[in-house]
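Examining the three-dimensional arrangement
One letter stands for each residue in the lines below.
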Amino acid sequence: AEVRLGIERNGELRNVVTTLRTTYPDDQGPLGVGINLHLASRPPLEALVAGFKRTGESIVMLPGLILETARSEEGLQVAGPVGIVEMVGQAARQGPEVVLFLAALLSTQLMLFNLLPWPVLDGGRLVLIGVEAVRGKPMSIEREGAINFVGIALLLLLAVLVTVGDIQRIAGG
């Protein structure tokens, strides 16, 4: 596949067209380059402020990134516990900074996932509270239990499917 890149060097913007490789060394990607993350050391207060800023940016950008990825040719690819362990292993080989960055990103993603309006999750609970507020009376415990049961059953099914997909992807199948 042909890829167009815009590269800025010394204030000058250049457009480059290149072809992705289908086979390449482990320390490189399809473009023939490897990316090594290097985080500069900062004073503690500055690092704390930067951490909050990056967290805010990832919260704002994540939903758009998910939609963009879902619309791509590859589609949305999710990882469960097995896939996350594999990612952490890859990150560990690149250094502690990458592991900490990944931990922060995963924590942010889990927070956003928990806010989805799905029964059993906090977002689903907020929806049920909203329904009760509109109705003006509480929902029966039996009905709320049934809704949460269906929600957790579907969530567990999703977890199983994602884990099977992770194992197949890792095994090369």
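To keep things clear, this report deals only with the structure shown in the data block. Owing to the predicted nature of the structure, the values given are computational and were not obtained by experimental measurement.

**Observations regarding unusual backbone geometry**
- Notably, asparagine 10 is not glycine yet its phi reads approximately 55°, a positive angle.
- The phi dihedral of valine 120 is positive, around 90°, even though this residue is not glycine.
- Mapped onto the secondary structure, valine 120 falls in the loop between α3 (96-114) and α4 (122-135).
- For valine 120, a relative accessible area of 37% gives the class partly exposed.

**Looking at helix α5 (residues 141-171)**
- Under the 1.5 Å per step criterion, the end-to-end length of α5 is 44 Å for 31 residues, consistent within 8% with the ideal 45 Å.
- Along α5, the positions that sit buried rather than exposed are Glu144, Gly151, Leu155, Val162 and Asp166.
- Just past α5, the residue glycine 172 takes up positive phi, approximately 90°.

**Looking at the pattern of salt bridges**
- Within this structure, the stated rule accounts for five salt bridges.
- The salt bridge partner of glutamate 12 is arginine 14, with a shortest N-O separation of 3.8 Å.
- We classify arginine 14 as partly exposed; its relative accessible area is 45%.
- A salt bridge links aspartate 166 to arginine 169; the shortest N-O distance between them is 3.3 Å. Of the two residues, aspartate 166 and arginine 169 both sit in helix α5, three residues apart, roughly one turn of that helix.
- Since its relative accessible area comes to 1%, aspartate 166 is described here as buried.

The rules behind each value
- Residues numbered from 1 in each chain as written.
- Predicted model: local features only at pLDDT ≥ 70, side-chain atom pairs only at ≥ 80, totals over all residues.
- Heavy atoms only, no water.
- Helix = DSSP H or I, 4+ residues; strand = E, 2+ residues; numbered from the N terminus.
- Buried < 20%, exposed > 50% of the residue type's maximum accessible area, 1.4 Å probe, protein only.
- Expected span 1.5 Å × (residues − 1).
- Salt bridge = Lys/Arg side-chain N within 4 Å of Asp/Glu carboxyl O.

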